[in-house]
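# Structural overview
Listed below are the residues making up each chain.
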Amino acid sequence: MNTRRTTTPQSVKASRLNRRDFLIRGGLMGAGALSLPALLAACGGGSSSSVDTAGGGGSSLFFENWPGYMDEKTVGLFQAASGVSMKYTEAFNDNNEYFAKIQPELSKGKKIAPDILAPTFWMAARLIQLGWVQKLPKADIPNFVNLRDDLRGPSWDSGDEYNLPYQTGIAGIAYNSKITGRELKSVADLFDPAFKGKIGMLTEMRDTIGLILMGEGKKIADVKTFDQASVAFDKLTKAKNDGQIRSFTGNDYVDDLSAGNFAACVAWSGDVLQLTKDNPDVKFIVPEEGGTSWYDTMVWVKGSENSDSVAKWMNFLYDPVNAARLTAFVQYISPVKGVQDELAKMGGDNAKLAEDPLLFPDAATFALLQSWGALAEEEEAKFDEAFASITGA
Amino acid sequence: MVSVVSAGKKWGKSLSSRPENVGLGVMLGLGVGAVALAAQWVKGPSAMLVAIAMLAMVVGLIYTAFAGGLEARKSLAPYGLLKPGMIWLCLFFLAPLWAMVVMSLSSKAGRFDFFPDFTWNFENYRIALTKFRPQFIRSFSYAGIATMLTIVIGYPLAYFIAFRGGKYRNILLGLVVIPFFTSYLIRTLAWNNILADEGPVVSLINKLHISGVFESLDIMQNGKLMNTPAAVIGGLTYNFLPFMVLPIYVSLEKIDVRLVDAAMDLYSSASQAFRKVVLPLSLPGLFAGSLLVFIPAAGDFVNAQFLGNPQTTMIGNSIQDQFLRQLNYPVASAMSFVLMIIITIIVLIYTKFMGTEDLA
């Protein structure tokens, strides 16, 4: 996913900077510092803002994460509880671009600075396949038992040896009912000629193509070859040529949707949650044909020797109390069991979150969700290439 | 032993008698050495040898300067002044260019191969020229239209500031430059809000019931201004306008207004005076301005990304995508090289056509 911009309820704002403010400020600063050469620089060191580098000898840990994907307290609490000195940065902006950045070192067998990364599941699968990550010290992570059952044993890591999910979410359809003038419920609504030039799609190939495939009645977990998915690519190409699609976006669809430039778009659940509270016209649905479920997952980079700290950190995050604090901030679906109860115990607005169907989907919603399996290297290349030629890049 | 020393002295003396040759030789030698090191033509021990040779050249140069006295130093000076720029160009232009050409003729063994092998793979150029032809054509036409628009908008503006600005000249010039105090990205993103479907401009157009006019001019598409070719070209024009205004202003400002009076005295009308006196004298500025606008606009990807739609992508977007997302370094290098070549050809033709050598 591109820079995910999620938002927190206004009521939570009272005491601290929330995720939306944080991202807007960070985005402005980032944009200010951004120059063309920096954008073009394929590789080189990470220009990251170190959040916490508390000194002290002994064990250390470096976690590079997505922007705005962590509340302010967790890192400090972890350092106090474990004695590990932790460096936390948020320079992971885009799966493909980050891959391009770490490729020079890792392909030569050299190690990179971070110990832990949290790529999206398909990128984690690629890193495992390339042998650039190592087996997690699971014996030292007793809280592993709290991992949600549906996230266990993906086809590309059947023994859960290499990855531990960080946050999970749903890609579905968001729409602005003021513009559409009616309620939407199906993927087919994205192709309604009435919304010509007012439809947004995500640059994240698996979410956009996945949703269209489900609209065509396919099971995306069964899609292994490009030929099986070509119907979705054809449909997307036609929609683009007809002028149906306004643009392919990363997280910035949030602004277009709220401003009314998009009537509807493919969207991520966490983003829309807050938008709905600011702007009741904006709604998120899991289409009746199904939505994709995705997750970002922690992996331990090869060459890192901080096994102890890695185990302590992952164990800390999988404690439901800590996981609940994180959920209250990022508002994505937690991979940790017991978070709903913890949120309810926290009371106030957090208790309301425990009731939110987008944070804790009911069984009927869960039944609609599908996720991609691993694609072979050459097939994935065909998918990416075909998608790039549609997005016009 | 003595004979060696005296031979060395003799050689040194013969060198110091032609110091300009030493200056030129060392400059070229350092340039070639810098490219060889930066482009990794030589590696390991031979790289050390090249570095030592370069150092020896510098020592020889210093010796020549000291042994030859004032005259020698005088004739060395021009090369001395050229050297920093030359070495800079070798390190940061020639060497990367070489690396890019080599990469553009390489092929990847697998999708995640980070070290493509040099194989004279001209297939990359075929892909760049066929698959990405629409993007190339679009880039050059958008950049061309934007350049013309900046002339249409920028020339009168520069003219006004230069001849009618009076004591407000500097303030007016400052106003032209002030938007540059804000980041390029922010300035571009701001248009998102201005041109939005529910934004001020579209609402005004709809209230005045003139959207039909804009639709027929193809400026509006389907009732929207944002995410259209017009928005991308408008963004390019807006962002590069100062690059046109400033050079034109500089050449207009130099013009002696009495020349216009003289033309009037010789019975030319105001428009004739402009056509025959002011315009030709301002051509160098116009020429410099169009290059400053056209070249970066052709390679721009920010405007197309934020103001365009999937059918307005420019070649810069495609190169970025091939480099950073598809990890297809060979094809991306070929595309970059083709872009450079086409721009060079266009600039050469333009120079020939404008023929400003005798004016500058």
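Residues numbered from 1 in each chain as written. Chains lettered and ligands numbered in written order. Predicted model: local features only at pLDDT ≥ 70, side-chain atom pairs only at ≥ 80, totals over all residues.

### Describing the overall build of chain A
This is how the line gets drawn: Secondary structure follows DSSP: runs of H or I at least 4 residues long count as helices, runs of E at least 2 residues long count as strands, and numbering of each begins at the N terminus. To assign burial, the other C-beta atoms lying within 10 Å of each residue's own C-beta are counted, with C-beta atoms placed from the backbone; 20 or more indicates buried, 12 or fewer indicates exposed, and intermediate counts indicate partly exposed. Note that contacts rest on C-beta atoms placed from the backbone: two residues are in contact if these are within 7 Å.
Counting its secondary structure elements, chain A contains 16 helices and 11 strands. In chain A, which comprises 393 residues, the proportion classed as buried is 47%. Residue pairs at least 24 apart in sequence account for 78% of intrachain contacts in chain A once pairs closer than 6 positions are excluded.

### Overview of the overall build of chain B
What counts, and what does not: Between the two quantities, the radius of gyration covers C-alpha atoms and the globule rule is 2.2 Å times the number of residues to the power 0.38.
Scanning chain B for helices and strands turns up 16 helices and 2 strands. Relative to a compact globule of 360 residues, whose C-alpha radius of gyration would be 21 Å, chain B shows 27 Å and is clearly more extended. Across its three principal axes, chain B shows a C-alpha extent of roughly 100 × 70 × 35 Å. When each of the 360 residues of chain B is scored for burial, the buried share is 33%. Here the contacts in chain B between residues at least 6 apart in sequence split such that 72% fall between residues at least 24 apart.

### Digging into the interface of chain B and chain A
Interface size, as often reported, equals the accessible area lost upon joining of the parts. Test applied: When residue character is reported, Ala, Val, Leu, Ile, Met, Phe, Trp, Tyr, Cys and Pro are called nonpolar, Asp, Glu, Lys and Arg charged, and the others, Gly included, polar.
Each partner contributes residues to the interface: chain B has 27 residues there, and chain A has 31 residues. Listed by contribution, the elements that provide at least two residues to the side of chain B that touches chain A are α8 (184-194) and α15 (315-325) of chain B. For the side of chain B that touches chain A, the element with the highest residue contribution is α15(B), accounting for 7 residues. Of the residues assigned to the side of chain B that touches chain A, the class counts are 10 nonpolar, 11 polar and 6 charged.

### A few points about the pairing of strand β2 (residues 85-89) of chain A
Residue and element names in this part refer to chain A. Rules: Strands were regarded as paired on the criterion that DSSP finds at least two bridges between them. Orient the strands so they point away from the viewer; a crossover is then right-handed if the path from the first strand over the helix to the second runs clockwise.
The pairing of strand β1 (residues 60-64) with β2 spans 5 bridges and is parallel. When the sheet's bridge partners are listed, E64 is paired in β2 with T89. Crossover β1 to β2 through helix α3 (residues 74-82) is right-handed.

### Observations concerning the domain arrangement of chain A
Residue and element names in this part refer to chain A. Defined as follows: Domain boundaries shown here were taken from an automatic or database domain assignment.
Domain annotation of chain A identifies domain 1 (10-168 + 295-359) and domain 2 (169-292 + 369-391). In this assembly, 13 residues from domain 1 lie in contact with 11 residues from domain 2. Among the elements of the structure, α5 (121-130) and β5 (163-176) are those that each provide at least two residues to the side of domain 1 that touches domain 2. Class assignment of the residues belonging to the side of domain 1 that touches domain 2 gives a composition of 7 nonpolar, 5 polar and 1 charged.

### Comments concerning the environment of A:A311
Residues and elements named next belong to chain A. Among the structural elements, A311 can be located in helix α11 (residues 307-317). By the C-beta count within 10 Å, which is 20 here, A311 ends up buried. Among all residues touching A311, those that are not within four sequence positions of it are P137, D140 and I141.

### Here's the deal with unusual backbone geometry
The phi torsion at B:W120 lies on the positive side, around 55°, for a residue other than glycine. Tracing the backbone through its elements, the reader meets B:W120 in the loop between β2 (117-118) and α5 (123-130).

### Topic: the domain arrangement of chain B
Residues and elements named next belong to chain B. Segmentation of chain B into domains returns domain 1 (2-104) and domain 2 (125-354). The C-alpha centroid of domain 2 is placed 42 Å from the C-alpha centroid of domain 1. Taken together, the contacts link 4 residues of domain 1 with 6 residues of domain 2. Tallied by class, residues from the side of domain 1 that touches domain 2 come to 3 nonpolar, 1 polar and no charged.

### Notes on the nonpolar core
Note the threshold: For our purposes the nonpolar core covers buried Ala, Val, Leu, Ile, Met, Phe, Trp, Tyr and Cys residues that link as a set through C-beta atoms within 7 Å.
In this structure, A:A174, A:A264 and A:C265 are the most contacted members of the largest nonpolar core, which totals 158 residues. Counting residues per element, this core draws most heavily on helix α11 (residues 229-253) of chain B, which supplies 14 residues. In this structure, A:A264 is in contact with A:I173, A:A174, A:Y175, A:T180, A:L184, A:D189, A:L190, A:F195 and A:I199, ignoring residues within four places of it in sequence. With 9 residues, the next largest nonpolar core counts B:L30, B:A34, B:V35 and B:C90 among its residues.

### Focus on the packing of α3(A) against α11(A)
In a pair of packed helices, the angle between the axes and the distance between the axes together describe the arrangement. Residue and element names in this part refer to chain A. Selection criterion: Inter-axis angles, ranging from 0 to 180 degrees, are taken between N-to-C directions of lines fitted to C-alpha atoms, where helices are fitted over the stretch in contact. Angular relationships are summarised with four words: roughly parallel below 35 degrees, roughly antiparallel beyond 145, roughly perpendicular across 65 to 115, and oblique for the angles in between. Take the far helix as your reference; a near helix turned counterclockwise from it by less than a right angle gives a left-handed crossing, and one turned clockwise gives a right-handed crossing.
Across the interface, α3 lies against α11 with an axial gap of 11 Å and an inter-helix angle of 120°. Between α3 and α11, the angle is such that the two are oblique. Of the two possible hands of crossing, α3 and α11 adopt the one that is right-handed. Contact residues: F78, A81 and S82 in α3; K312, W313 and F316 in α11. Of the residues that constitute the contact of α3 with α11, the class distribution is 4 nonpolar, 1 polar and 1 charged.

### Topic: the packing of helix α2 (residues 19-38) of chain B against helix α4 (residues 69-104) of chain B
Residue and element names in this part refer to chain B. Two elements in contact, α2 and α4, have axes whose closest approach is 8 Å; the angle formed by their N-to-C orientations is 15°. Regarding the angle of α2 to α4, the classification is roughly parallel. Of the two elements, α2 crosses α4, and the hand of that crossing is right-handed. Its residues assigned to classes, the contact of α2 with α4 shows 18 nonpolar, 3 polar and 2 charged.

### Comments concerning the pairing of strand β6 (residues 199-202) of chain A
Residues and elements named next belong to chain A. Side-chain alternation along β6 places I199 and M201 on one buried face and G200 and L202 on a second face that is also buried. Note that β6 and strand β7 (residues 245-249) share 4 bridges and pair parallel. Within β7, the position partnered with G200 by the bridge is S247.

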